[in-house]
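Here is what each chain is made of, one letter per residue.
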Amino acid sequence: MANSPRPLNVGLVGGGKGAFIVHPHQKAIHFDGTRRVVAGALHPDPKIAMEEAAKWPYPIKGYGSYDEMIATNKTLPEDQKLDYVLIVTPNFVHFDPAMKAMKAGIAVFCEKPLCMNTKEAAILVKTSRKLGVPFGVAHTYLGHWTSRLSRYIVQNGLLGVIRWVDSYYIQGWLATKLEATGNQQASWRVDPKRAGGSGCGGDIGTHALMQLRYTTGLDVTQVSAQLEKFVEGRPIDDHFTIYCNLSNGGKALVRASQICHGHKNDLGILIAGTKGSLRWHQEEPESITILLPGQPDRVYWRGAVVGGDGFLPKDLPVDLMSEPTIPPGHPEAFHDAFARLHRSFEADVRKWKAGDNFCCDGAKYANVVDGWMGIAFIETCLKSSAKKGAWTTMPKKI
C-alpha cells in the first residue's frame, strides 16, 4: 500500500452542529488529493449526527455514533475501510474513541489536549506502543515551516546554550462571560467536567508548552504556577502563568491568557541562547527573526532561505528545504500548517499499513507521548497553583 494511489480514508469523530476546529482539519485533509474524509459520527445525539452528515459540504457516510462507525469498519471492503480517525470532540470525549479506534486497528489523529488526566493519557501511550498504531496530536503550529526552521536552528546549536524561553499564547475572546450567552465554543471550555481541571491552560497553554518543547528539544522539569480566574463566576482558569525550570538548567515562562481584549491568536516564542536569540510569531508565520550581538537583525522568510550566509550552514537538510509548497510572497498560513501535519501523519500511516517501519517521533507532528506531557504539565501546574506557586516537580517522562 505504500505506493498505492488510493487516497487515505479518514473518519471524523465530532465536528457537527457549529463546531469550529473540524473545518480547518477537513480542508487540510483534502489539500493534496491523497487523503479524503469519507465518514463521520458528528454529534453525540444519533439523530443530529445523521442530520449533520446529510448536510456536510460533500458526501460522507454518516453514523449515529463513533461506536457504530468503528464497529462497521471491519465489515467494509478493504478500499473503503478507514485508515485513520480524526477526533475533534470536546476534551472529555477524546479517550474513549481513541482507545476503540486503536483496538480496531485504526490510526488516530486527536485534537489537543490529549484527554482529561494522566491516567487516561498513560493508557493511550501504552496502548499505542503495544499495538504499534500511529497516533498524532493536533498541535497545529508545529506545522508552520518556520517552526521547523526554528527547531533546526536551535537544536543544532546555532544560538548556543539555551538560557531563557518565553513562550506565550494570548487571546481576548473570553474577556467577558461569553458562556452565559449560550456560545457553545465558550461553554464547554469553561466547564471542568468537559474541559478538565484547567481551562485556559488546557486549551491554549498546552500550545505554548508544545512550541517550547518542539523548538528547543528541552523539557520542563519543575513549575511555579499561577492559575487565575478574572471573569467572575468562571469555575476554571482564564489566565495561566507558569515559571519553569528546564532540563538543561535554563529557565522559561509559559504563559497564556484569554481575557486580554484585542488579542486574537497571539502565539509566539522568544528563545535566548549564549550566542543569539530567535523570535517567532504565529500571527506573522512566514518569517523568523534572528538577533545576534553586534549585527543587524536577520529575517528569514519561508521559501527564500539560503544557507552559507554567515549564520546558517551551507548544507541545510534536504527534507527541511523541500517542504515549502508555494513560492515566497504567496503566504502560507493556518490551513497550510494543518495540511503539513496531516501530510506527515499520512506518510507514517502509509508505512504502517504497508508493514514498514515508521518513526512517529515528534519531529514532524506531536505524538501521543507529547500529548501525555501536556496533560502531566497541566496537572503539575494545578498542584503548584493550589500551593500558591510552590515549586513542583514534573513526573518522570513516560
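Residues numbered from 1 in each chain as written. Predicted model: local features only at pLDDT ≥ 70, side-chain atom pairs only at ≥ 80, totals over all residues. Heavy atoms only, no water.

A. Spotlight on empty space enclosed by the protein. The full count for this structure, using the stated rule, is two cavities of 30 Å³ or more. When its volume is computed, the largest cavity comes out at roughly 70 Å³. In terms of lining, the largest cavity is formed by 13 residues, of which the most central are H139, T206, D370, G371 and G374. Listed by contribution, the elements that provide at least two residues to the lining of the largest cavity are α9 (200-216) and α12 (368-386). (1 Å grid on protein atoms, 1.4 Å probe; cavity = no way out; pocket = protein on both sides within 12 Å on 5 of 7 lines; lining within 4 Å. Points joined across faces, edges and corners; volume = space filled by probe spheres on them. Helix = DSSP H or I, 4+ residues; strand = E, 2+ residues; numbered from the N terminus.)

B. Just the pairing of strand β5 (residues 107-111), in detail. Most of β5 is tucked away, with five of its five residues classed as buried. Residues A107, F109 and E111 of β5 are buried on one face, and the alternating residues V108 and C110, pointing to the opposite face, are buried as well. As paired elements, strand β4 (residues 84-87) and β5 share four bridges and run parallel to each other. Residue pairing in the sheet places V85 in a bridge with V108 of β5. (Buried < 20%, exposed > 50% of the residue type's maximum accessible area, 1.4 Å probe, protein only. Pairing = 2+ DSSP bridges.)

C. Seen up close, the packing of α9 against α12. Relative orientation of the contacting elements α9 and α12 amounts to 120°, with a least axis distance of 10 Å. Classed by the angle they form, the pair α9 and α12 counts as oblique. Considering the relative orientation of α9 and α12, their crossing is right-handed. Here α9 contributes G201, G202, T206, L209, M210 and R213 to the contact with α12, which in turn contributes D370, M373, G374, F377 and I378. Residues of the contact of α9 with α12, tallied by class, amount to five nonpolar, four polar and two charged. (Axes fitted to C-alpha atoms, helices over the stretch in contact; angles between N-to-C directions. Parallel < 35°, antiparallel > 145°, perpendicular 65-115°, else oblique. Left-handed = near helix turned anticlockwise from the far one by under 90°. Contact = heavy atoms within 4.5 Å. Nonpolar A, V, L, I, M, F, W, Y, C, P; charged D, E, K, R; others polar.)

D. Local environment of the pairing of β4. Both faces of β4 are covered, namely the face carrying Y84 and L86 and the face carrying V85 and I87. Where strand β1 (residues 8-13) and β4 come together, four bridges link them in parallel fashion. Note on β4: the bridge partner recorded for L12 is L86. You can see the chain leave β4, run along helix α4 (residues 95-103) and come back into β5, and the turn it takes is right-handed. (Right-handed = clockwise from strand over helix to strand, strands pointing away.)

E. Quick peek at the packing of aromatic side chains. Inspection of the entire model under this criterion finds twelve aromatic pairs. Each ring, one from Y141 and one from F334, has its centre 6.4 Å from the other, and the planes form 40°; the classification is tilted. Placement of Y141 in the loop between β6 (135-138) and α6 (145-155) and of F334 in helix α11 (residues 334-353) is noted, with a sequence separation of 193 residues between them. Residue Y141 is classed as buried on the basis of its relative accessible area of 6%. The class of F334 is partly exposed, set by a relative accessible area of 24%. Geometry around Y63 places K61 over its ring, the cationic atom sitting 5.6 Å from the centre. (Phe/Tyr/Trp six-rings, centres within 6.5 Å; stacked < 30°, edge-to-face > 60°. Lys NZ or Arg CZ within 6 Å of the ring centre and 35° of its normal.)

F. Spotlight on the environment of K55. With respect to the helices and strands, K55 occurs in the loop between α2 (46-54) and β3 (61-62). You can call K55 exposed: its relative accessible area is 58%.

G. Molecular detail of the sheet that holds β3. Read from one edge to the other, the open sheet built from seven strands follows the order β3-β2-β1-β4-β5-β6-β15, with strand pairing classed as mixed. Of all the strands in the sheet, the pair left with one neighbour each is β3 and β15 (366-367). In the sheet, β5 pairs with β6 via four bridges, with the strands oriented parallel. What sits directly across from C110, in β6, is V137.

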